[in-house]
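# Coordinate analysis (summary)
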Amino acid sequence: DVKVTQSSRYLVKRTGEKVFLECVQDMDHENMFWYRQDPGLGLRLIYFSYDVKMKEKGDIPEGYSVSREKKERFSLILESASTNQTSMYLCASSLTTGGGGAFFGQGTRLTVV
Amino acid sequence: RKEVEQDPGPFNVPEGATVAFNCTYSNSASQSFFWYRQDCRKEPKLLMSVYSSGNEDGRFTAQLNRASQYISLLIRDSKLSDSATYLCVVPSGGSYIPTFGRGTSLIVHP
């Protein structure tokens, strides 16, 4: 069965901390994505990667960076956490051909205090 | 114009009712489309793909209207367990980059 795993379900961090969110997929998918989801705003794409060491900015990359050193792992980094980054973060992966859709991890609810 | 638009609802229907949602998209070059279901405080899960010829899976039917650039999801004989938010997904960019609508909330009541 398809599996995307995020390292934490809940995180509480202090303003200014550097935060790492990890995501691992076991489906050998080329594409991986990080979204954040906020009430009334839906899912917004932060960054995506279509290959190892490749990354592209999504719609809201400010304040974030990413790392993809291995095909199965895609990390989201908050360089200096701020309260407006309190959100649900969702990782997803998909095949390049686009068939079959994207599969999501269970989400990380991050609170920055 | 937003890339993917959905009526947020909520659609409040009794058990057994038939309900339909539409989703309009702006990228006329899009080739593949999907419906996802998201339960409260859970991740989105793929419900079904939307093919040019339509797609039916039990009580669920998805259709594509390229001329008017919308996709639809029809749910027949609604169950309480169908209560969720339904998200449509239209790819953007040269490769598959899922762009999500904001979702339509469905509440099925006894």
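The structure under discussion appears in the preceding block.
For the rest of this paragraph, the subject is the pairing of strand 7 (residues 64-70) of chain A. All names here are of chain A. Bridge analysis of strand 7 against strand 8 (residues 73-78) gives five bridges, and the strand direction is antiparallel. Paired with Ser67 across the bridge in strand 8 is Ser75. Hairpin remark: strand 7 followed by strand 8, antiparallel, with two residues in the connecting loop.

Moving on to the packing of aromatic side chains. For the structure shown, the criterion picks out 11 aromatic pairs over all chains. Their ring planes at 85° and their centres at 5.4 Å tell us that Tyr35(A) and Phe100(B) sit as a pair that is edge-to-face. Here Phe100(B) lies in strand 10 (residues 97-100) and Tyr35(A) lies in strand 4 (residues 31-38), a pairing that spans two chains. Assessed through its relative accessible area of 7%, Phe100(B) is described here as buried. Every member of this aromatic cluster is reached through a ring pair, and the members are Phe33(A), Tyr35(A), Phe48(A), Phe104(A), Tyr36(B) and Phe100(B).

At the junction of the two partners, chain B supplies 14 residues and chain A supplies 23 residues. Summed over both partners, the interface of chain B with chain A buries about 1,500 Å², with 60% contributed by carbon and sulfur atoms. Joining chain B to chain A, the criterion identifies zero salt bridges. Of all the elements in the fold, those that place two or more residues in the side of chain B that touches chain A are strand 4 (33-38) and strand 10 of chain B. Partitioning the side of chain B that touches chain A into residue classes produces nine nonpolar, two polar and three charged.

Before going further, it helps to spend a moment on the pairing of strand 11 (residues 104-109) of chain B. Residues and elements named next belong to chain B. Judged by which residues are buried, strand 11 turns out to be one-sided: Thr104, Leu106 and Val108 face inward and are buried, whereas Ser105, Ile107 and His109, on the alternate face, are not. Two elements, strand 2 (residues 11-14) and strand 11, share four bridges in a ladder whose sense is parallel. Its bridge partner lying in strand 11, Asn12 is registered against Ile107. Judged from the three bridges that link them, strand 9 (residues 84-92) and strand 11 form a sheet pairing that is antiparallel. Each residue of the ladder has a partner; that of Tyr86, found in strand 11, is Thr104.

The next subject is the side chain of Thr99(B). All names here are of chain B. Summarising the element assignment, Thr99 is placed in strand 10. On the accessibility criterion, Thr99 (16% relative accessible area) is buried. Contact partners of Thr99, with chain neighbours within four places excluded, come to Glu3, Val4, Cys88, Val89, Val90 and Ser92.

Summed over all chains, the structure comprises two disulfides over all chains. What pairs with Cys23(A) in a disulfide is Cys91(A), and their sulfur atoms sit 1.9 Å apart. In this structure, the disulfide formed by Cys23(A) and Cys91(A) twists by about -75° around the S-S bond and is classed as left-handed. You can see Cys23(A) sitting in strand 3 (residues 19-25) and its partner Cys91(A) sitting in strand 9 (residues 87-94), a full 68 residues away along the chain. As far as burial versus exposure is concerned, Cys23(A) and Cys91(A) are alike and both buried. There is a disulfide in this structure between Cys23(B) and Cys88(B), and the S-S distance comes to 1.8 Å. Because the torsion about its S-S bond is 50°, the bridge between Cys23(B) and Cys88(B) counts as right-handed.

Reading the values: rules and limits
Residues numbered from 1 in each chain as written. Chains lettered and ligands numbered in written order. Predicted model: local features only at pLDDT ≥ 70, side-chain atom pairs only at ≥ 80, totals over all residues. Heavy atoms only, no water. Pairing = 2+ DSSP bridges. Helix = DSSP H or I, 4+ residues; strand = E, 2+ residues; numbered from the N terminus. Phe/Tyr/Trp six-rings, centres within 6.5 Å; stacked < 30°, edge-to-face > 60°. Buried < 20%, exposed > 50% of the residue type's maximum accessible area, 1.4 Å probe, protein only. Contact = heavy atoms within 4.5 Å. Buried area = accessible area lost by both parts, 1.4 Å probe. Salt bridge = Lys/Arg side-chain N within 4 Å of Asp/Glu carboxyl O. Nonpolar A, V, L, I, M, F, W, Y, C, P; charged D, E, K, R; others polar. Disulfide = S-S within 2.5 Å.

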